[in-house]
Structures are given as C-alpha cells and as structure tokens.
Amino acid sequence: MEIMTLVVTGPVGAGKSTFIRTVSEIDVVDTDRRATDETASLKHRTTVAFDFGRLQFGRNRALHLYGTPGQSRFDFMWDILIRKAQGYVVLVAANRPNEFRYSRRILTFMQHRSRVPLIIAISHSDCEGAWTPENILVAMGYNAQKPAPPVVIVDPRNRASVAKSIVKLVQSAMQYTRSFSKAG
Amino acid sequence: MFGSLSDFSLGELFQVLEQGEKTGRLTIYSGRRGESQKDRISQTPPRNYYIWFRRGFIVAAANSLDNQGLSKLIDQRSWIEGGTSVLAPGFCNVNLPLGICFKSHGLITAEQLKLLFSVQVLRQVCQLFTLLHGRYHFDEKAPLAYPEMTGLSAPATDVTLAGLRNLKDWSALEDKLPEPDSAILSLVEGKPHLKLNQSELRVWEFADGTVALKDVAARLDLSLEKVRKIAFRLSVVNLAEEFPLLISASDMMNLSLDDEFVDDENNLFFMEEQAVKAEAPVRKSNSQEFIAPPPMSDDFLQELMRSLNNS
Ligand SMILES: Nc1nc2c(ncn2[C@@H]2O[C@H](COP(=O)(O)OP(=O)(O)O)[C@@H](O)[C@H]2O)c(=O)[nH]1
Ligand SMILES: [Mg+2]
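Residues numbered from 1 in each chain as written. Chains lettered and ligands numbered in written order. Predicted model: local features only at pLDDT ≥ 70, side-chain atom pairs only at ≥ 80, totals over all residues. Heavy atoms only, no water.

> Describe the overall build of chain B, listing the residues and the values that go with them.
Tallying secondary structure elements over chain B gives ten helices and eight strands in all. Buried residues in chain B amount to 48% of all 311 residues. A sequence separation of at least 24 residues applies to 75% of the contacts in chain B between residues at least 6 apart. (Helix = DSSP H or I, 4+ residues; strand = E, 2+ residues; numbered from the N terminus. Buried < 20%, exposed > 50% of the residue type's maximum accessible area, 1.4 Å probe, protein only. Contact = heavy atoms within 4.5 Å.)

> Which residues make up the state of the cysteines, and what values go with them?
Think of a disulfide as a covalent bridge from one cysteine sulfur atom to another cysteine sulfur atom. Residues and elements named next belong to chain B. Applying the stated rule across the entire model yields one disulfide over all chains. Paired by a disulfide, Cys92 and Cys101 hold their sulfur atoms 1.9 Å apart. Where Cys92 bonds to Cys101 through sulfur, the torsion about that S-S bond is close to -80°, and the disulfide is left-handed. One exposure class covers both Cys92 and Cys101, and it is buried. (Disulfide = S-S within 2.5 Å.)

> Give me the packing of helix α5 (residues 156–165) of chain B against helix α8 (residues 224–236) of chain B: which residues, what numbers.
Residues and elements named next belong to chain B. Running from N to C, α5 and α8 point in directions that differ by 165°, and their axes come no closer than 9 Å. When the axes of α5 and α8 are compared, the pair comes out roughly antiparallel. The two elements α5 and α8 cross, and the hand of that crossing is right-handed. Contacts between α5 and α8 involve Thr157, Thr160, Leu161, Leu164 and Arg165 from the former and Phe232, Arg233 and Val236 from the latter. Considered class by class, the residues forming the contact of α5 with α8 number four nonpolar, two polar and two charged. (Axes fitted to C-alpha atoms, helices over the stretch in contact; angles between N-to-C directions. Parallel < 35°, antiparallel > 145°, perpendicular 65-115°, else oblique. Left-handed = near helix turned anticlockwise from the far one by under 90°. Nonpolar A, V, L, I, M, F, W, Y, C, P; charged D, E, K, R; others polar.)

> Explain the sheet that holds strand β5 (residues 135–139) of chain B to me, using residue names and the numbers behind them.
All names here are of chain B. Overall, antiparallel pairing links the six strands, which are arranged β1-β5-β2-β3-β4-β6 in an open sheet. In the strand order of this sheet, the two ends are held by β1 (2–4) and β6 (154–155), each with one partner. As judged from the three bridges shared by β1 and β5, these two strands associate in the antiparallel manner. Among the inter-strand pairings, Ser4 is bridged to a residue of β5, identified as Arg135. Running over the sheet, helix α4 (residues 110–128) touches β2 (24–29), β3 (48–54), β4 (57–62) and β6 and is turned about 85° from β4. (Pairing = 2+ DSSP bridges.)

> Which residues make up the nonpolar core, and what values go with them?
One finds Trp78 and Trp131 of chain A together with Leu10, Phe14, Leu26, Ile51 and Phe53 of chain B to be the most contacted residues of the largest nonpolar core, which totals 66 residues. For this core, the element with the most residues is helix α5 (residues 100–111) of chain A, which contributes six residues. When near neighbours in sequence (up to four residues on either side) are disregarded, Ile51 of chain B contacts Phe14, Gly24, Arg25, Leu26, Ile58, Ala60, Ala61, Val125 and Leu128 of chain B. Phe19 and Leu91 of chain A together with Met296 and Met305 of chain B belong to the second-largest nonpolar core, a separate cluster that totals 31 residues. (Core = buried A, V, L, I, M, F, W, Y, C linked by side-chain atoms within 4.5 Å.)

> Go over helix α7 (residues 213–220) of chain B, please, and point to the residues and values.
Residue and element names in this part refer to chain B. Those residues of α7 lying buried are Leu213, Val216, Ala217 and Leu220. For α7, the arc enclosing every buried residue in end-on projection is 100°, short of the 170-degree limit, so these residues lie on one face. Among the exposed residues of α7, those oriented more than 90 degrees off its buried face are Ala218 and Arg219. Residues of α7 that are buried in the fold lie against β7 (182–186), α6 (198–204) and α8. (Arc of directions from axis to C-beta.)

> Go over the domain arrangement of chain B, please, and point to the residues and values.
Residue and element names in this part refer to chain B. Looking at chain B, the domain boundaries give domain 1 (2–166), domain 2 (177–250) and domain 3 (255–310). At the junction of the two partners, domain 1 supplies twelve residues and domain 2 supplies eleven residues. Both faces considered, domain 1 and domain 2 share a buried interface measuring about 950 Å² in area, 60% of it formed by carbon and sulfur atoms. When the buried area of domain 1 at its contact with domain 2 is split by residue, Leu161, Leu164 and Arg165 rank highest and sum to 51% of it. Where domain 1 meets domain 2, there are one salt bridge. Two residues, Glu200 and Arg165, come together in a salt bridge whose shortest N-O distance is 2.7 Å. Counting every contact that joins domain 1 to domain 2 gives four residue pairs in polar contact (both at pLDDT 80 or more). Mapped onto the side of domain 1 that touches domain 2, the elements with two or more residues apiece are α1 (10–19) and α5. The element contributing the most residues to the side of domain 1 that touches domain 2 is α5, with six residues. In terms of residue class, the side of domain 1 that touches domain 2 is made up of two nonpolar, six polar and four charged. (Domains from an automatic or database assignment. Buried area = accessible area lost by both parts, 1.4 Å probe. Salt bridge = Lys/Arg side-chain N within 4 Å of Asp/Glu carboxyl O. Polar contact = N/O pair within 3.5 Å; in protein donor to acceptor, adjacent residues only side chain to side chain.)

> Summarise the packing of α7 of chain B against α8 of chain B; cite the residues concerned and give the values.
All names here are of chain B. Interaxial distance between α7 and α8 falls to 9 Å at its minimum, and their mutual angle equals 120°. Taken together, α7 and α8 sit at an angle that is classed as oblique. At the point where α7 passes α8, the crossing takes the right-handed sense. Taken together, the residues of α8 that come into contact with α7 (itself represented by Leu213, Lys214, Val216 and Ala217) are Leu224, Val227, Arg228 and Ala231. Within the contact of α7 with α8, the residues separate by chemical class into six nonpolar, no polar and two charged.

> How would you sum up the sheet that holds strand β2 (residues 51–57) of chain A? Please name residues and give values.
Residues and elements named next belong to chain A. Sheet architecture is open: six strands sit in the order β2-β3-β1-β4-β5-β6, paired in mixed fashion. Sheet topology places β2 and β6 (151–153) at the edges, where each strand pairs with a single neighbour. On average, each strand axis in the sheet is inclined to that of its neighbour by 25°, with strand direction left out of account. With six bridges joining them, strand β4 (residues 87–93) and strand β5 (residues 118–123) adopt parallel strand pairing. Across the sheet, the residue bridging to Tyr88 is Leu118, located in β5. Seen against the sheet, helix α1 (residues 16–23) touches β1 (2–9), β2, β3 (61–67) and β4 and runs at an angle of roughly 25° to β2.

Rendered as structure tokens:
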C-alpha cells in the first residue's frame, strides 16, 4: 500500500472535521465531538487523538487525512505531524478574525520547520463578516517580502470544493517531488 | 472589513491597514453591537470616530463627518484672523488637504500644522485604544476628507505603539497576547526603526526565536505579563512575530497516556509515532534543519489528481 499523509489543521470550528469527512470513504471519528459526548475523564484523549479519514484510489494507493484536535499547544503532537505529513492544509475561517492569530502561529511554526507543501484554505467565505482572502493574508503577515503559500477558497461541506483544494496541494507536492529528484 | 474590536483589536486592525497599504476611512463606533440607550453602562454616549488612511498611513481623524474638525482646531487657537469662516467658499481646492492650502497662502506655518496633526491624530487616536468593546468598519470606497487633512501623515503602527504603551486595561487583549511558551522572532534587519523604550529594547534583545517568553521574563526579572504585553506590541508594529516553540518532552511529563485506545485506527498514528518519539531527540526551535518526509512519486500524485478530478 502506497500512502500519502495529509494533515488538516486550523482553529476549532474552521471546518477540519467536515473537510475530512467530505472526502473520506470511511466514517470519520470526530474527536472533538466525542469529547463532548463522553465523560470528562476522557477529556485528555482529545489532546492526542486525531480525526482520521481515508480515500483509496488506484489499485493499491490511498490518501490519509489527519485533523488536528482542539486548540492545541505546540507539543509532541506537532513534532509527530512534522515527521509524518507530506502536506498540510491550514484551514482559516474567513469570518473569525479573532482566530487569525492562532492560524498565523501554526503557519509560523510549520514554515520554519518543514519544507513540505502547504496550502491555506479559506472556509466560511459565505458567512457574514467574512474577510477577503487578500486581507486575511495581510493579517497572516504575508507581503511582498514574504510571499504567501498557495491559497484556495473552500467550502468543506462540498466535495468538489474539497477535492479542488487537495488538487492544489497535490500540485505543490509535485513541485516538491521534482525538487527532490533534482537535488538527488 | 467590519466587526468587533473585542475580536480584532485596534492595534491589529492598524497593522493590517498599514501592511495592506490601505486607503479609505475607518469608522470606530464606541458602543457595543445592538446596544440601546437604556442598557448602556458607561456614562458617555456611544459615538463614531473616523480615521482616514492613505496607503497605510493615517492622514486625518475626526469625530464627525461634517468636515469642520480641523477648521475648529485652528479657530480655537485664533490662528487665522476672523476665523476660517471668513474665507470664501472654494478658497481651497476641494482635492487638496486644507493644511497645505492654508500653508501655501501663508495663513499658518509648518510648525502649527505639526501641532494640529498631533492634536487631531495622535492624541485623538491614541485614546481609541481604550475602547475595548467598540465596533469597526473600514470602507475602502470612502473618499479622503481633504478639509480634515493637514497634509501630514503618520504610520499607523507609530500610533499603535504610543496607544498601547499608555493602555491601562488590557483585559480585552488577554487572549491575544503571545503564549508564555512562544519566543519572538525579529522581522526586520538589524535595529528596529521605531523608537523603543528601555524595557521594549531589553525584550527585543531576545527576538531570535529561541527563548520562551516565560524564560525571557525570568532572565530580565520582569513579570511574565509585562513581557507578553511588550511582545504583543512588538508584533503588532511588525518588528517581531510570535514564534511558537516546540514544548519540550520534559514539560509534557505530566501528561498521562493510557494505551486502552490503541485500537482506534486514528490513534495508531499517534501510538506508533510515540514509539519513534521515545528515541528522537527534541530539536532546538530555531535550527534551520528542516524535516522532510519522503516525497510521493510523480506517478502517485498524477493518479491521485485524476481520481480527485473525477470524483
Ligand atoms: N457556512 C459554512 N459553514 C461551514 C463551512 N465550513 C465548515 N462549516 C461548518 O462549521 C461547523 C464546524 O465545522 P467542523 O468541521 O466541526 O470544524 P473543526 O472544529 O475545524 O473540526 C460545522 O457545522 C460545519 O458544517 C463553510 O465554509 N461555510
Ligand atoms: Mg473537529
């Protein structure tokens, strides 16, 4: 089995679980939801468990998607992600400017530690108070000196839209693969 | 762009307007959303404040849209004989800042203009940083208010620095402050171009992305709260950015792990890696050593793309 591992991250409510559920062919365990359903004694689970989804294709190939849980700290979990993930989707809800800071933290953290392709996927663009992608990128600290990674507008509830953003990421992954084959 | 200052603070807003080199009018409404006259707590009635931006610079401020603010400031000082109202309508070109018009006619001096700008913009806007629950609206289509303009401008972040230094009540900014476990990383080459005060400079010395703010506080013998506020200031004026550090394994010791849920497919990922982790050294935060999982083959990616496009 040949597997590509993608990580879907972003603040709580950005649409990570929905994104994964929408492309996955298996039932997605929504770890955040499970935390509210079960007792408080299980609470710490949510700090270590990931949403998981899978898309099989070809004869022996699959895409695995992991969603980061909660508003997590940059602990060993992130260390695991950096080692494992072959691409990231950072989901940002356009209508929640109070979370831009947390998303920026994730981006800073990842971009200084990993060269793996990532995209910024802007969700909730249909909601009241949504910022434009342009302004969101400025709020994330991108400018002429610091160009942003590829950006897509996504509706995590819509399969075609989710597929389109993964395609965008896959395109970056192709360049990444080529940079490897050039180098080595 | 519109919303609540409790979600996106004035400092953050100024940062976006400056970095995005925006032109337009920012309206700040001091009341809460839907707040009516009778359930108001504060004594002063809510009101609007207006700040005009040109390519990210603040060019004017007023608390009314009557275009009379700057003229009133001049009249209060009796700088023009008989007051600005004696001037014929159309005396100044409507597309020229009033200050420049008056100066070119020798009615006021460059020094007086500077003073006017400082009263109109710096003093007025600095006070707005104390509005913790107001609402904002930025209108990129609003025209510049030339009758309110001195012709001078200030970078929005200069005003932010002053506004936040004087701020006493930080309650609304509490969850925006950089985390104690984060470091800060300089965003500029060499020395900061803004004039920093003593304690800001001391914290700035640590802007290399290696020392957690809680350790900066200990080393400088400043309170953690103070260091976090300074780090926030440095970040909203684009001198530095919050740089999250990987929380080291020793800090995580108190996190208990049970293996009862290893059977969940989604947790295998975690458990399997946890084993790897046991041997793996914890990297220093700012090392330029990038971690690179093996890339996928071109063939794999092509097939994935076809499958996604067909789905
Ligand atoms: N209107 C709208 N709702 C969305 C969008 N993306 C996600 N949602 C909804 O937002 C809620 C939170 O999504 P969820 O996937 O649980 O977020 P998570 O916390 O990141 O896993 C769900 O009710 C989704 O249906 C979007 O682009 N537009
Ligand atoms: Mg979720």
